[in-house]
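This is what each chain is made of:
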Amino acid sequence: MTRLAEPDRPWIFRTYAGHTSVDASNRLFRDNLARGQTGLSIAFDLPTQCGYSSDDEVARPEVGKVGVPINSLDDLRALFDGIPLDRMNTSMTINATAMWLYALYLALAEEQGVPAAALSGTTQNDIVKEYLARGTYIFPPGPSIRLIGDMYEHAVRNVPRFNPANVCSYHLQEAGATPVQELAYALSTAMLVLDELRDRGTLGRDELHQAVGRVSFFCNAVLRFVEELCKMRAFVELWDEICRDRYGVEDPQLRRFRYGVQVNSLGLTEEQPENNAWRIAIETLGVLLSRDARCRALQLPAWNEALSLPRPWDQQWSLRLQQVMAYETDLLSYPDLFEGSVVVAKEQARLVAGAREELARLDAVGGTLLALESGVMKAALVASQAERIGRIARGDQVVVGRNRYAEGAESPLVQGADGGLFHGSPAEAARTLARLHATRAARDEAGVAAALERLAVDARSGANLVPASVLCAHARVTTGEWAGALRGVFGEYRPPTGVEGQHLSLDQQAVDAIRARVDDLTRRRGRRPRLVVGKPGLDGHSNGAEMIAIAARHCGLDVVYAGIRLSAAEIARQAIAEDASVVGISVLSGSHLELTDQLLATLEAGGAGEIPVVVGGIVPAADAEALRRRGVRAVFTPRDYDLVAVVGRVLDVVDA
């Protein structure tokens, strides 16, 4: 196997950060670097991820909520004020608009006189997992893969220390993937991109091999320590084989499985959140102890990520754990501790064999692209997630503090004045809009029009789109304008939801009781109760909405679920058209108050103000009370893990 890190060489220290505005995020970045961070991992807000400028109607509720808003080169300059680009390894969690952020980064370097060859970093740029897990896609799969291929072509020739894409098995696992599915889907994504480059025929043999060597991965690790450690070793084995046999790469350095990791956030609990610190530490060991499969970059979630965005102190606590692991322990000082282990070898072989079988299934349906477009991959992940949720609900999978050992004292970590939560700043969001308007007022509109026309022409002709995007960046084109020009050429995409035909293995006695209530309500009212499940706004994390839709249907309700990325007004109009008995919306971005207001206003304007509304998501207690004052009938948070009980409470609302 290929060794990933020398025993005396620590990994890059990062915390995932960015919020509110470029000014606030710049202060946070500089503080974190002063505390010992050696790289940046940037979170962007949802409008930036989905290709909207901050003043777009659909964007306003989300500005700065889950990351930093970037509208133009002026924003990126402010974000990196005082941070030298040529001495910084910058990871950007950006996908559908990855080329735009890459172009902005290149343009900023040009304006500062930093050679492109001196830049190092990564754009996440894994669009497949956006269709499957996160939902911040824009364009159809074909054009999206083309954009990634264009970035590889440009980076290999001009920015050799930059990773144009980072294949993210992390999000697949959070969407329900088993270790075998995680291995297979991540590797199939990497092969999809590299096949695109190979089949173009524009790269020479050495350039293609360099592109193979620039592929990096972003992985996950949960508390099943042995299985996760073996999964990473399986990744190393399979990737080495793929690089050698599929792409003819002979240089072992270019066949290295290079991966960074953020350990699992999905398993963090709102209940007894202090336990999350132990979970994070144990999960970290799974990607450190096996030297032959050790991560090269590590970022850790904060203890309170099941409650809100982490505050600066929370991020510092996570950073300190990384530093303790690196400098106080001897974990990096020895050869691989598991070499020769019969147990590890057997488990690794099982995972490798399972991944090969899963890859063969994808090939049998026509390959990754067809499996994606047909919904085969999404349906498989929804099914796996349903199985996981069912195990937790039945108590077969123990979650301490949630379905076992739930009794205990209140956590002192959430007793402070802020409740242990991050709170956004409307004033900073207003500053973002003011900066955007100032950029528009100062720029040359003729230059903007010319740059956007060049982008559209190149998109239609098949030319590499990086040069035109850099031209747009220098012209102060905005994020929404760049994405809008490409929407006009490529169109937008709505993938399958994956919920049709799925089942949950739940407590059958509890399900039967709810079904009896549904049947009684149907007899009394003359029709079966109908639940419209909605994901308003730009938040694409759909796991919760999908599981509720499946559970409610399993319990006998009529369920309407149209997927993600609908406006609150669209969901309200859908509820009116479907004659809904109740509307349930799921919001995890922190915009629950604004989006609920829009939903209620549209229902009222449509003469349907009597349709009851329930809300689920990451909702602090104070906001839950505010929602109830607005007329919301019930509020659900991650602690409401019993799906049958949730459906029962929704039925209470309908019956009332």
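Before any of the text, the structure's been laid out above.
What comes next is a walk through the structure. Starting afresh in each chain, residues are numbered from 1 along the sequence in its written order. Reporting in this predicted model follows two pLDDT cut-offs: at least 70 for local features of residues, and 80 or more for side-chain atom pairs to be given and counted; totals over whole chains, interfaces and linings ignore these cut-offs and use all residues. As a rule here, side-chain values cover all heavy atoms of the structure and leave hydrogens and water aside.

This paragraph deals with the layout of surface pockets. A cavity, in this analysis, means grid points on a 1 Å lattice covering only the protein atoms where a 1.4 Å probe fits yet has no way out; a pocket is instead an open set bounded by protein on both sides within 12 Å along at least five of seven lines, and a residue lines either one if it has an atom within 4 Å of a point. Grid points are joined across faces, edges and corners, and a volume is the space filled by probe spheres set on the points. Computed from the structure, the second largest pocket encloses a volume of approximately 760 Å³. Forming the walls of the second largest pocket are 30 residues, and the residues nearest its centre are V222, R224, R388, R391 and Q397. Only α8 (179-200), α10 (225-247), α11 (275-285) and α15 (376-394) provide two or more residues apiece to the lining of the second largest pocket. Runs of H or I in DSSP of at least four residues are treated as helices and runs of E of at least two as strands, each being numbered from the N terminus. Considering each element in turn, the lining of the second largest pocket owes the most residues, 6 residues, to α15. The class makeup of the residues in the lining of the second largest pocket is 10 nonpolar, 10 polar and 10 charged. For this scheme, ten residues count as nonpolar: Ala, Val, Leu, Ile, Met, Phe, Trp, Tyr, Cys and Pro. Four count as charged, namely Asp, Glu, Lys and Arg, and the remainder, Gly too, count as polar.

Next up on the list: the sheet that holds strand β15 (residues 634-636). By way of backbone hydrogen bonds, the strands of a sheet pair with one another, either parallel or antiparallel. Taken in spatial order, the 5 strands make up an open sheet running β12-β11-β13-β14-β15, and their pairing is parallel. Since the sheet does not close on itself, it has two edges, and those belong to β12 (558-561) and β15, each with one partner. When strand polarity is set aside, the average angle formed by the axes of neighbouring strands in this sheet is 20°. The pairing criterion is simple: DSSP has to find at least two bridges between the two strands. Of the pairings in the sheet, the one linking strand β14 (residues 613-617) to β15 comprises 3 bridges and is parallel in character. Across the sheet, G616 pairs through a bridge with F636, a residue of β15. Two residues form a contact once any of their heavy atoms are found within 4.5 Å. Axis angles are defined between N-to-C directions and span 0 to 180 degrees, where every axis is a line fitted to C-alpha atoms and, for a helix, only to the segment in contact. In the packing of helix α25 (residues 643-655) onto the sheet, contacts are made with β11 (530-534), β13 (582-587), β14 and β15, and the angle to β15 comes to roughly 165°.

Secondary-structure assignment places R402 in the loop between α15 and α16 (426-442). Ignoring sequence-local partners within four residues, the contact set of R402 consists of T269, E270, E271, P638, R639 and Y641.

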